[in-house]
Amino acid sequence: MSELHKFIFDGLPVRGMLVRLTDAWQEILKRREAGGGYPPEVMQLLGEMTAAGALMQGNIKFNGALVLQVFGDGPVKLAVAEVQPDLSLRATATVTGEVLPGDSLSRLVNVTNQGRCAITLDPTDRLPGQQPYQGVVPLFGDQHEKLENLSEVLEHYMLQSEQLDTRLILAADGQVAAGLLIQRLPVQGEGNLQGSQRADEDEIGRNEDYKRIALLAGTLKREELLGLDADTILHRLFWEEKVTRFVPSTPTFACSCSQERVSGMLRSLGTAEVESIIAEQGRIDVGCEFCGAQYGFDPVDAAQIFTRQESQLPPAPTVQ
């Protein structure tokens, strides 16, 4: 079963999270099998993104979707991981070019150093005029050097956007997508799980407790993160620290696609465009990129999309 564990270091302004996606990650890959699956390099990137998305969603108090996207000019045009407040998640990647064995992040999405990583917070109940919040960072470092690990990109994002020292370890294969996050915050104990206070910029890179724990986290090997259970990982890394753990959460796979949402997408194209597709193809078939579900619309179904819209419109004002 997939699990996300939160923990704090007693008496220290440091918190952590460990996520291991097993059944949820395997379901994401299973949904892609009919389309030929992903090359191992893309599977690793998408798995790391999914684990990171779960960690970032678990790290904030936000009633809405967290969407992590990586896009650029390599063979992977776009990779997306979306995590809801209840930790239900989905992910997909669009591959349009040849992926070579051993391709790294820069080769996959950042060939000419134009690749970007976007983190979007989309509220469930938007207020009138409210737009999702989005932060975008490049896939290169302070000296414009290409970054080869997603973890480095996200650490840079957290430092820029929240002024938070963060250590992130990510790994993924065909069975498990996992991640460990260690973060310095300005408050101690259980209060540091609230995430509501802004970090003290004067302490960035200087807090010795955080530096020690981040150094321990950095000794975690890929095969350990993928192959060991949470209890073993945390004991091996932090057996000398006083750690308080909380009841774990259970991430699950779920897709928010539906016939109604697809109908809304077709409605946004307009009557003329939909009728043109029907005239050319005889029907409209739409497949969900996340879960593989197929939605079909024959001429009658397509006409009803706009008929229902008209029936829901308010009556026109009467001129007296």
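Considering the packing of helix H2 (residues 40-58) against helix H4 (residues 150-162)
Two numbers describe a pair of packed helices, the interaxial angle and the distance between the axes. Their axes nearest at 10 Å, the elements H2 and H4 cross at an angle of 30 degrees. What the angle tells us is that H2 and H4 run roughly parallel. When the axes of H2 and H4 are compared, the crossing they make is right-handed. Packed against H2, whose contacting residues are Leu 45, Glu 48, Met 49, Ala 52 and Met 56, the element H4 presents Leu 150, Leu 154, Tyr 157 and Met 158 at the interface. For the contact of H2 with H4, the class distribution of residues is 8 nonpolar, no polar and 1 charged.

Examining the sheet that holds strand E10 (residues 243-245)
Across the sheet, which stays open at both edges, the 5 strands sit in the order E8-E9-E2-E1-E10 with antiparallel pairing between neighbours. Each edge of the sheet is formed by a strand with only one pairing partner; in this case those strands are strand E8 (166-172) and E10. Across the sheet, the mean angle from the axis of one strand to that of its neighbour is 15 degrees, orientation sign disregarded. Relative to strand E9 (residues 177-184), strand E2 (residues 14-21) is paired through 8 bridges, and the arrangement is antiparallel. Across the sheet, residue Leu 18 finds its bridge partner in E9, namely Leu 180. Taken strand by strand, helix H5 (residues 208-217) contacts strand E1 (3-9), E2, E8 and E9, and its axis lies near 165 degrees from that of E9.

What to know about the sheet that holds strand E5 (residues 88-95)
Within the open sheet, the 6 strands sit side by side as E7-E6-E3-E4-E5-E11. Their pairing is mixed. Every other strand in the sheet has two partners, leaving strand E7 (133-138) and strand E11 (252-253) as the edge strands with one partner each. Here strand E6 (residues 116-123) pairs with E7 via 6 bridges, running antiparallel. Within the sheet, the bridge partner assigned to Ile 119 lies in E7 and is Gly 135. Contacts from helix H1 (residues 23-32) reach E5 and E11, with the element oriented near 40 degrees to E5. Each of strand E3 (64-71), E6 and E7 touches H4; the most contacted strand, E7, lies at about 125 degrees to it.

A look at the nonpolar core
Counting 59 residues, the largest nonpolar core has Trp 25, Met 49, Cys 117, Ile 119 and Leu 154 as the members making the most contacts within it. Counting residues per element, this core draws most heavily on H2, which supplies 10 residues. Grouped together as the second largest cluster of nonpolar side chains are 23 residues, Leu 12, Val 14, Leu 226 and Leu 234 included.

Conventions and cut-offs
- Residues numbered from 1 in each chain as written.
- Predicted model: local features only at pLDDT ≥ 70, side-chain atom pairs only at ≥ 80, totals over all residues.
- Heavy atoms only, no water.
- Axes fitted to C-alpha atoms, helices over the stretch in contact; angles between N-to-C directions.
- Helix = DSSP H or I, 4+ residues; strand = E, 2+ residues; numbered from the N terminus.
- Parallel < 35°, antiparallel > 145°, perpendicular 65-115°, else oblique.
- Left-handed = near helix turned anticlockwise from the far one by under 90°.
- Contact = heavy atoms within 4.5 Å.
- Nonpolar A, V, L, I, M, F, W, Y, C, P; charged D, E, K, R; others polar.
- Pairing = 2+ DSSP bridges.
- Core = buried A, V, L, I, M, F, W, Y, C linked by side-chain atoms within 4.5 Å.
- Buried < 20%, exposed > 50% of the residue type's maximum accessible area, 1.4 Å probe, protein only.

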